[in-house]
Structures are given as structure tokens and as C-alpha cells.
Amino acid sequence: MIIGDRKSLAEILDMIKDCRNILITGCKGCVTVCNVGGLKEVQVLASSLKIARKKEGRPITIEENLLERQCDPEYIAEVSDIIHNYDAVVSMACGVGPQFLSEAYPKQKFFPAINTKFFGGATAHGIWEERCAGCGSCVIHQYDGLCPISRCSKSLMNGPCGGSANGLCEISRDVVCIWDMIVKKKMEQGRLDDLLAVAPAKDWSTSRDGGPRKSIREELTQ
Amino acid sequence: MDTFEPQIVAFCCKYCAYAAADLAGSMRLAYPPNVKIVQLPCTGRVDIFHLLTAIEDGADGVYVAGCLEGECHFMKGNFRARKKVEYVKKTLAELGIEPERVEMYNLSSAMGPRFAEIAQEMTDRIKELGPSPVRTETV
Amino acid sequence: MNENKSGSNLENVLRAGHFAFTGECGPPKGANVGHLKEKIAFLKGNVDAVNITDNQTAVVRMSSWAASAISVQEGVEPNFQMVCRDRNRLAMMSDILGVYSLGARNMLCLSGDHQRFGNHPDAKNVYDIDSLQLIALAKKMRDEGKFLNGEAIDVAPKLFIGAACNPFADPFEFRVHRLAKKINAGADFVQTQCIYNMAKFRTFMKMAVDMGLTEKCFVLAGVTPLKSIGMAQYMAKQVPGMDVPAEVIDRLKGVGKGKAAEEGIKFAIEQIEEFKEMEGVAGVHLMAIEWEHKVAQIAEQAKMLPRPVV
């Protein structure tokens, strides 16, 4: 799923500094699952912002809302009746949400409350890690299910580099060297030969480097 | 400031702190009337949102009182509550409000005097800090 | 192994069977050409080629191709370094053509330190291709006369292609295979990470020799004289993939105050003496970091002078 972190209160307060009446809208998709933009987080953000504005002596009215998904026009349409009742709308969805909202309601101002970070999953309660870079041409089968594009700091296809030490990446002792894992897994399984050929330069045109991307499934289009 | 009487909300677990409050009563121990108690089935039930709402609505101080560590009836409820208290402390600090206005305590049902002591301690602390900057009118 | 690919001095020296000696020079943090020339002058006549580093440790410096060109002008053969961190494949190919046009004949292909270490940690990195793919690219340009996309090059860059090799990074068992990969990709020579753990390096070289790798590629052993106990401790603890054994640090500590640098040079010279005799080692790469003025002394004491003229 998409993982994000909430922006600092200072940054959000600055965005809404001229507003007296806002809507905060969460999303029941990924950001609910990663506990950053669901119902509870909407409540916490609303309360925090109200505390801050009361303290400043400029109280703000905040309404709370939760959409099924902010990446689907049909759910975005659900707020059409209320969306213009506010000075601005703060979206707690990933970066898609505020954009879909902006496209649907061009006269309203939308602010992102979330920094969208990566595609990943929970490795433990409260801890999420990156697993996919969305490069558009998956190669993990070549690396026994471990993706060097997203998980190697240098996206090396022929690692590990000279900075791999004790299973850790050179950039930080908190970062695992994925190439160490790839090599060890191949060795354990007696398939080191898989790694002896030089992996050729990757075609990045399927990645973000090829420009904004689109998926079309003809059988579904109307 | 002499006349300042803080409003303090105490979220108390029914197995320990709330029972301790009862015991303090039976023992005829006095504790400040500033503390308003909210009973919880376990401090694990308390949410960040509850603590923030109390502050938002004008409480000068908020604390959570749960079982002694390792004694929670629901195993980890009091540890979870502590983490939520820490989160709210950080939020207040980010907003320029004294994080000491929020606290986590642990005690057992047999600790009536300790309950009274905590209530006194928190009341003194908040009197020292003064009224919450969020408080808009005298409640 | 016998066909001369580039005609560079380094290649000539190695193919003639001489024990090669290369140096290193970091371009200035600015356009101080005078200072660069001074550093290069210390190396002139004392080494067969000098590595011109490419924004080493991800700190911005004068571009390695420009400094390489200045080195050519100064009469010292450069070994042009290129990292994958700062350029995409277009920039890499054009810089290879450019530096070759300016007279460089050796090139070292590196992944490059992550920008996290450098003075612009907020930069976006590139890593369009990795160091192995860069080696393969340089070879394709030279041997096939083609760009990566297969288009013909109008006058191909005939470079002597080098790679780095760190026998001390993990996993150790894979290191010799990665060296083999680099050779298969097209590396004509490799320069190793600075060596302090001689026992581990001997083991590594034995593996490389047994696999026949030293028949296909020249291995230059990396030597960096330790200037101080602090430097040794820093390298041991803070530089990932660097192996400075406790006994080496103890040796520096044992000689008393103010003598550590001298002992560091002594150790480096002993290492060079051993590398001359070690099977499969074709030369030494001396990385005297900000100690270029000591190169002549080390070369002299290690009996590396005069350098052969081939």
C-alpha cells in the first residue's frame, strides 16, 4: 500500500493560517491502514489544530469527513454538496487525494496534510518499510523476491557495492543491505550462478523517468 | 494567580486508579476537588483524541492513571496508554504548550493514599504552570 | 590479455610485465588550477598514472574530466574516475567521449559513495546504470564502436578500462565473484580498496588466482598510508567496507607520540614489498590522501623508482 507520514502541525497551520472554517477529509484506503489519514487521525489533527488556534486567540471551525477513497471520482463526488462551505479543505489522503479533489472542485483550495513516501508494508506494528519503487517493469524474480531497485540505496542491479558491511548499507546502520540478503539467499539455495551474469542496463522508460504514466484496461473502459 | 483553580481531568482505570480513589474516600483522605475523574475499563481504552479533546475544551491538565506496569488486566493496556500520553506531550510541545500538562501514572487499587498524592501533585504542578493557554473563558 | 587496447602508459607498463604504480589526486574544491597543478607535480615521474577522483565521498569538486585534462597538459597520465551517482547514461557517454578527446586513456568505473556522506545530502542521485553496466558500456563504446543504444560512434574512445574492488566488504565469499563479473563486463584492470588486513587480502588473492581472474585482468593492490591513530580509528569504525585490524592500530599506538605517521609509511612500504611478491598482484595503487607530497618518498623507499618508460 501507499505509506505516508503526517506533516508537522506547524506546516499545516501555516497552510491554513488565513482560514476560519475548514474541512479535514480522510481516506479509508491505504492511509487508514497505515494509520496516518483515517478517521482517528482526522479527529486528532482537527483537535490539534483547534487547540493551536484557540491558543492564538483565533479559533477555527473544523468539520471532519472521511471518504471511502480519494482516488476515485465517484467517492470524490460525495462531498459536492458541502465542499464549498469552507475556506479550504485539508486532505489526509496520499498525494492523489488533494489532486483528485482539486480537479473535481477547481474553485476550492486543497491542502495536503500527508507527505506521501513509498509503496510498502508493515514489518511490525507501527513500522512500515519500502518494498516497491513502481519502476513499471518488475525484476524481483531475478533476485529471489528481493527488489534491489527499491531497496538498494543505489538501485544497483549488480550489487553489492563496496559499502556493504555486516549485512548493512553504507548509508546508515538502520538500513539493511538488500544485496547482502540477495547473495546469501542465492548461496543458501545453491543458485549463485544466477548472479554471475551481468544484468544489463535497465529500461527506465516504464518508470517515472518516462513521464507521467497511465494504465488503460480496454475491457473496462466505457 | 492565587485564585486560579485548575480544571484537571483524570482518566482512571476501574481496576486500579478508580478503585484507589474509592479507597482514598473510605480512608477519608482529602484530595483536591480540581480533579474530575473519568472511569475507563482499562487505560488502553483512552485515545489520543480523548486527551486532546480535554485540552481543546479547556482542561488545564490531563492525566491517565493505570495499573502498575505488568499488572494490567488486559496485559498491555497501560503501556499503550503511556505511548499515547507521550504522543500528546509531543503534540503540545509542537504547539508551544507545556507538555507537563499531560501525565501518565501507575498505581494499584490498594494505593488510596498514592491516589490522593497524585491528585495533589498534579494540581500543584498545574497551579504552578497557570491556566492553559487554550482556555478561553473561566469554566 | 596481450592485445593493447588503449596504448595508455599504464597499459603499456602492465603489458610489458612491470610492477605498476599508480597514484591518486582529488581535484580542488574550487577552480584553483594552481593548487591542482602543484598536487599533480608531486606525482610526476613517481607514478605510471594518477587517478583523478570524481566528487569523491560525494563532495563537490572540480569535475574529474577537467582535472584529467589538466593532468594531461601537465604531462601526467590521468586515470579518469567516473561514478554512477551523478550522471545518467547520456552524460556518461558524452563525458567519456569528451575526456578521451582531451587526451585521457584510462578510466575507472565506480558506483560512487551515496550522497548521504557528502556535502549535498539533499541531492537527487542518478544511478541510471551501475558500475558493472558502466564497465560494459565503456567496453562497448571502445570495442564495438557503439553507443548503448547500438548507434555507431564516429571515432570510438579507446580507453583502458578499470574497476574498483573491495575485498573487505561483505559478503566476503561473493567478493571474488563480483570481481569476476567486472572482468566479464570488460574491466582490464582493477584497483582495490585500501588494504590493511593483509591476511584477508592474501586469502582473497588466492581465490582470485585459483579462479584464473589474474590471467584476465591486472590487479593493483590499494595502499593508503595511515597518517595518525585517529585516522586509523576513524577508518576502522566509521567507513563501511573498510577493514583496519586492531593490531595495525596497536602498531601505530606502540611507537609513541608524534611517530605514528612515520610508522604508517613504514607499514605501507612493507605492504608494497609484500605485494611485489604476491601472486596475481600486478601493481600498487597508492592513495596518499592529501599527502601527495609524500608520494616521492614512499616510491623511493619502496624501491618503485625510477618508473619504467615503455
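So, how was this worked out
- Residues numbered from 1 in each chain as written.
- Chains lettered and ligands numbered in written order.
- Predicted model: local features only at pLDDT ≥ 70, side-chain atom pairs only at ≥ 80, totals over all residues.
- Helix = DSSP H or I, 4+ residues; strand = E, 2+ residues; numbered from the N terminus.
- Rg over C-alpha atoms; globule rule 2.2 N^0.38 Å.
- Buried ≥ 20, exposed ≤ 12 C-beta atoms within 10 Å, placed from the backbone.
- Contact = placed C-beta atoms within 7 Å.
- Nonpolar A, V, L, I, M, F, W, Y, C, P; charged D, E, K, R; others polar.
- Pairing = 2+ DSSP bridges.
- Axes fitted to C-alpha atoms, helices over the stretch in contact; angles between N-to-C directions.
- Expected span 1.5 Å × (residues − 1).
- Core = buried A, V, L, I, M, F, W, Y, C linked by C-beta atoms within 7 Å.

**Student:** What is the right way to read the overall build of chain B from this model?
**Tutor:** Per the secondary structure count, chain B includes four helices and four strands. Taken from the N to the C terminus, the helices and strands of chain B come in the order β-α-β-α-β-α-β-α. Relative to the 2.2 N^0.38 estimate, which gives 14 Å for 139 residues, the radius of gyration of chain B is 14 Å and therefore close to what a compact globule would have. Its C-alpha atoms give chain B principal-axis dimensions of roughly 35 × 30 × 20 Å. Residues counted as buried form 49% of the 139 residues belonging to chain B. Contacts in chain B between residues far apart in sequence, at least 24 positions, make up 81% of those at least 6 positions apart.

**Student:** How do you make sense of the interface of chain A and chain B when you look at a structure like this?
**Tutor:** One widely used convention gives an interface's size as the accessible area the parts lose upon coming together. In this complex, chain A contributes 13 residues to the contact, which on the side of chain B involves 13 residues. For the side of chain A that touches chain B, the elements supplying multiple residues, two or more each, are helix 1 (9-15) and helix 3 (39-55) of chain A. Top element by residues in the side of chain A that touches chain B is helix 3 of chain A. It accounts for 10 residues. Taken together, the residues that form the side of chain A that touches chain B break down as five nonpolar, four polar and four charged.

**Student:** Whenever I open this one, the sheet that holds strand 4 (residues 102-106) of chain B confuses me. Can you help?
**Tutor:** Residues and elements named next belong to chain B. Spatially, 2-1-3-4 is the arrangement adopted by the four strands of the open sheet, whose pairing is parallel. The sheet terminates laterally at strand 2 (35-40) and strand 4, the two strands that pair on one side only. The mean angle between the axes of side-by-side strands here comes to 20°, regardless of whether they run parallel or antiparallel. Relative to strand 4, strand 3 (residues 61-66) runs parallel, the two being bridged by five bridges.

**Student:** I would appreciate a short explanation of the arrangement of the chains in the present structure.
**Tutor:** Here two pairs of chains make contact, and the pair sharing the most contacts is chains A and C. Nowhere do chain B and chain C come into contact; their C-alpha atoms are at least 25 Å apart.

**Student:** Can you help me understand the interface of chain C and chain A in this one?
**Tutor:** Taken residue by residue, the interface counts 26 residues in chain C and 26 residues in chain A. When residues of the side of chain C that touches chain A are traced back to their parent elements, those giving at least two are helix 5 (131-144) and helix 6 (172-185) of chain C. Looking at which element gives the most residues to the side of chain C that touches chain A, the answer is helix 6 of chain C, with six residues. Split into classes, the residues belonging to the side of chain C that touches chain A amount to 11 nonpolar, eight polar and seven charged.

**Student:** I tried to follow helix 11 (residues 260-277) of chain C on my own but got confused; where do I start?
**Tutor:** Spacing of three or four residues puts side chains on the same side of an α-helix, whose turn is 3.6 residues. All names here are of chain C. Between its first and last C-alpha, helix 11 extends 26 Å over 18 residues, near the 26 Å set by a 1.5 Å rise per residue. The set of residues buried in helix 11 consists of Ala260, Gly264, Ile265, Ala268, Ile269, Gln271, Ile272 and Phe275. In this structure, the buried residues of helix 11 make contact with helix 7 (198-210), strand 7 (218-223), helix 9 (229-238), helix 10 (246-254), strand 8 (281-286) and helix 12 (295-301).

**Student:** Please clarify how the pairing of strand 7 (residues 127-132) of chain A should be interpreted in this entry.
**Tutor:** One face of the sheet, then the other: side chains in a regular strand alternate in exactly this way. All names here are of chain A. Sheet topology note: the strand 6 (residues 114-124)/strand 7 ladder contains five bridges and is antiparallel. In the sheet register, Gly120 faces strand 7, and the bridge partner there is Glu130. Where strand 6 folds back onto strand 7 in an antiparallel hairpin, the turn is made up of two residues, including Gly126, whose phi is positive at roughly 85°.

**Student:** I'm lost on the environment of Phe4 of chain B in this one. Help?
**Tutor:** Mapped onto the elements, Phe4 of chain B comes out in the segment before strand 1 (8-13). Apart from residues no more than four positions distant in its own chain, Phe4 of chain B is found in contact with Lys127, Gly130 and Pro131 of chain B.

**Student:** What should I look at first to understand the nonpolar core in this one?
**Tutor:** Most often, soluble globular proteins keep nonpolar side chains buried together rather than apart. Residue and element names in this part refer to chain C. If you look at the biggest cluster of nonpolar residues, it comprises 95 residues, and the most contacted ones within it are Met107, Cys109, Ile135, Ala138 and Val190. At seven residues, the largest contribution of residues to this core is made by helix 5. Contact partners of Ile135, with chain neighbours within four places excluded, come to Cys109, Ile161, Ala163, Lys182, Ala185, Gly186 and Ala187.

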